[in-house]
Amino acid sequence: MAWASTRSITPHSSRITTWVTKQPHSFTALPFCAHFSTGEQSTRVTLQHQDKLPRLAIPSLAETTGRYLDYVKPLITPQEYEHTAVLARAFANGEGQRLQEELVRLDNESNTSWLNGFWDTMYATIRDPLPVNVSPYLVFKDDPLRKTQVDRAAGLIHAAAKFHKSVLEQTLAPDMEKDSALCMAQYSRFFGSARLPRPGRDICPAYTSQARHVLVTLNNQLYILDAFYPTDSGDGLRPLSEADLRKGLEAILQHSSASNLQNTAPISVLTADNRDSWAANYAYLSKDSLNEASLAKAASALFNLVLEPEAPTTLQRASELGFYGDTTNRWFDKLQMIVCGNGVAAINIEHTPVDGHTALRFVSEVPNLTNEETFKAGAKLATPSFKELQFNIDNHMNSKIEAAHQVVMDLVASNDHVVLKFDDFGAKWIKQQKMSPDGFVQMAFQQAYYKLTGTTRSTYESAMTKKFHSGRTETLRSVTAESVAWTRTFSDANATKAAKLQALRVATEAHVKRMNEAKAGKAVDRHLWVLNKLAQHKQQRLSNYSIPAIYQDPSYASLTTSVLSTSNCGSDHLQSFGFGAVVPEGLGLGYMIHNDVIPITVSSFQKQADPYAASLRATLRAMHDLCNQS
């Protein structure tokens, strides 16, 4: 390949100014957006409710096993259900109690919750490549003022620096959902975190208090660019103006275009590889002190800014660039903002430290943090402060880069990704029918799949649990007895329109009830999953220990195999949102429900995105007709 020769990068001339100062992967966990309190405050308010938040309670075994039988019943036969019920009762009255006691002990020792340590481990031990498999993306709506790449990128860096400053100084107003305060712990990990590869289990350090620069990737090169002005001891943080950031970005673009790129190895593609492969290559690179220093600078950046040369003209292509794009110019170990040649912008989220709700808060704040005044404010620096990160790449590492590039190209080629911008109606019309918009769309998902396959399969929707201290997400299982009755009734040529409409209303109400239970921590997946993890740990210690039969029962797999993995990301500042399927035969469904449009992305590893999107469009229209004609 073009970069195949050995390249030892030498220092640049003095004109370059040095820097001065599979459980479904929870990447589907982008919960419905809460009502935000926006803007910076004059006092330290960010954590004012934190110590008052309740801990996430451990459900009783009786509650969880009872709900488990309710959850699984629509997915299995009556004979299978009878067998599963026997196993659930045996678990609740036997080994489950001993595992529950162990969980209670761990909860008493934890300063966060009984779930967090297990959840962090789940993310850190995922070995699949992060793009497609783990990292979701969001595509911003266009900024009417910042229409060029440099203008848009400078505005986003400026907004990020201000947001980061408000987190450090605790002036960011706390999130509220109606009258309930939400946990703010994730904001200290939003900017400045990195997922660093290690064999078997990655680590996720947060450089929050020291992150002052952004990583910039383009043309197989990595740069760092200051986001804050140099400060004297005791001075507060001062984010660079948009004008100074524009100067820095233009200087980087000019420097990159003047470089000899023929033999520039795209080291960034290593971050898109299998995590164990990247861990081995990371260790090899780090043996060289220059490489080690450059990797450290990349890790400690606020985020990675991708200057994407392509100028997409469709939402489909913009979504693809946000989802994976040119993987030789991404840095998947970090949160990334992708800014295209025409100013189109997206975020790709490294999901280990944060959930989507936290990203949505930043998205909602960008218009408040960047306006016409900040756009027109003048520059203060005579010379932009940036530096290219340099690496020593030998023939061995060149071959590893080529291998990683092939892995990620195969992964991207295997993924079928379609953006359906359904604009016949939206949340406003659904509310007029006196139904939950999310429940309505989830019932459309069920019916579209049943129409296409003649079957009902387990469906995952994430539910935010930030009402609890250190809360993240819980699983809402969208298939209920009521949803199955809805799909069967709607597909029955002999059923009356009144019966179909009534089935839809009952199913959406059941969905809302289950969502409220999940947000209150009263669901099934997380509790049973953690008890299973405890059983697995016990088996490692005791050679004659057997995993409880409830987990070996095919019914458990029927429930926890998320053939439809869905998430509702509600934000008026976004155009699309998506992620990959979590099982080979599955679908990834990212959606938003705006007043008059419902953008939905469909991902598949088996070329089913287009057929499902067509079925879903037809189903939504048929449901609309049903409501209007009844």
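In short, a report on the structure.

This part takes up the overall build of the protein. Of regular secondary structure, the protein possesses 20 helices and 18 strands. Against the 2.2 N^0.38 benchmark of 25 Å for 630 residues, the protein shows a C-alpha radius of gyration of 25 Å, consistent with a compact globule. Seen along its three principal axes, the alpha-carbon backbone of the protein occupies a region of about 75 × 65 × 55 Å. Classification of the 630 residues of the protein by burial places 60% in the buried group. Here the protein displays about 23,800 Å² of accessible surface, and carbon together with sulfur accounts for 50% of that area. Of note, the protein has its 63 positive side-chain charges centred 2 Å away from the centre of its 62 negative side-chain charges.

As a further point, take the packing of aromatic side chains. Overall, the coordinates contain 25 aromatic pairs when judged by the stated rule. Three or more aromatic residues link up through ring pairs in this structure, and these residues are F163, Y187, F190, F191, F303 and F362. Here the basic side chain of K73 rests over the ring of Y81, its NZ or CZ set 5.0 Å away from the ring centre.

The next thing to look at is the pattern of salt bridges. Applying the stated rule across the entire model yields 30 salt bridges. In this structure, K165 and E169 form a salt bridge, with 3.0 Å as the shortest nitrogen-oxygen distance. When its relative accessible area of 17% is taken as the criterion, K165 is described as buried. Each of R127, R195, D202, R275, D276 and D333 takes part in a single network of salt bridges with overlapping partners.

The next subject is the packing of helix α14 (residues 437-453) against helix α20 (residues 609-629). Two elements in contact, α14 and α20, have axes separated by 8 Å at closest approach and are oriented at 120°. By the angle between their directions, the pair α14 and α20 is classed as oblique. Seen along the crossing, α14 lies across α20 with a hand that is right-handed. Contacts between α14 and α20 pair F440, M443, A444, F445, Q447, A448, Y449, K451 and L452 from the former with P611, Y612, S615, L616, A618, T619, L620, M623 and C627 from the latter. Of the residues assigned to the contact of α14 with α20, the class counts are 14 nonpolar, three polar and one charged.

With that settled, consider the pairing of strand β12 (residues 416-422). Along β12, six of the seven residues are buried, which leaves the element largely enclosed by surrounding structure. For β12 and strand β18 (residues 598-604), the ladder comprises seven bridges, and the chain directions are antiparallel. If you follow L420 over to β18, its bridge partner there is I600.

What counts and how
- Residues numbered from 1 in each chain as written.
- Predicted model: local features only at pLDDT ≥ 70, side-chain atom pairs only at ≥ 80, totals over all residues.
- Heavy atoms only, no water.
- Helix = DSSP H or I, 4+ residues; strand = E, 2+ residues; numbered from the N terminus.
- Rg over C-alpha atoms; globule rule 2.2 N^0.38 Å.
- Buried < 20%, exposed > 50% of the residue type's maximum accessible area, 1.4 Å probe, protein only.
- Areas by Shrake-Rupley, 256 points an atom, 1.4 Å probe, with all protein chains shown as cover.
- Lys, Arg positive; Asp, Glu negative; His and termini not counted.
- Charge placed at Lys NZ, Arg CZ, Asp CG, Glu CD.
- Phe/Tyr/Trp six-rings, centres within 6.5 Å; stacked < 30°, edge-to-face > 60°.
- Lys NZ or Arg CZ within 6 Å of the ring centre and 35° of its normal.
- Salt bridge = Lys/Arg side-chain N within 4 Å of Asp/Glu carboxyl O.
- Axes fitted to C-alpha atoms, helices over the stretch in contact; angles between N-to-C directions.
- Parallel < 35°, antiparallel > 145°, perpendicular 65-115°, else oblique.
- Left-handed = near helix turned anticlockwise from the far one by under 90°.
- Contact = heavy atoms within 4.5 Å.
- Nonpolar A, V, L, I, M, F, W, Y, C, P; charged D, E, K, R; others polar.
- Pairing = 2+ DSSP bridges.

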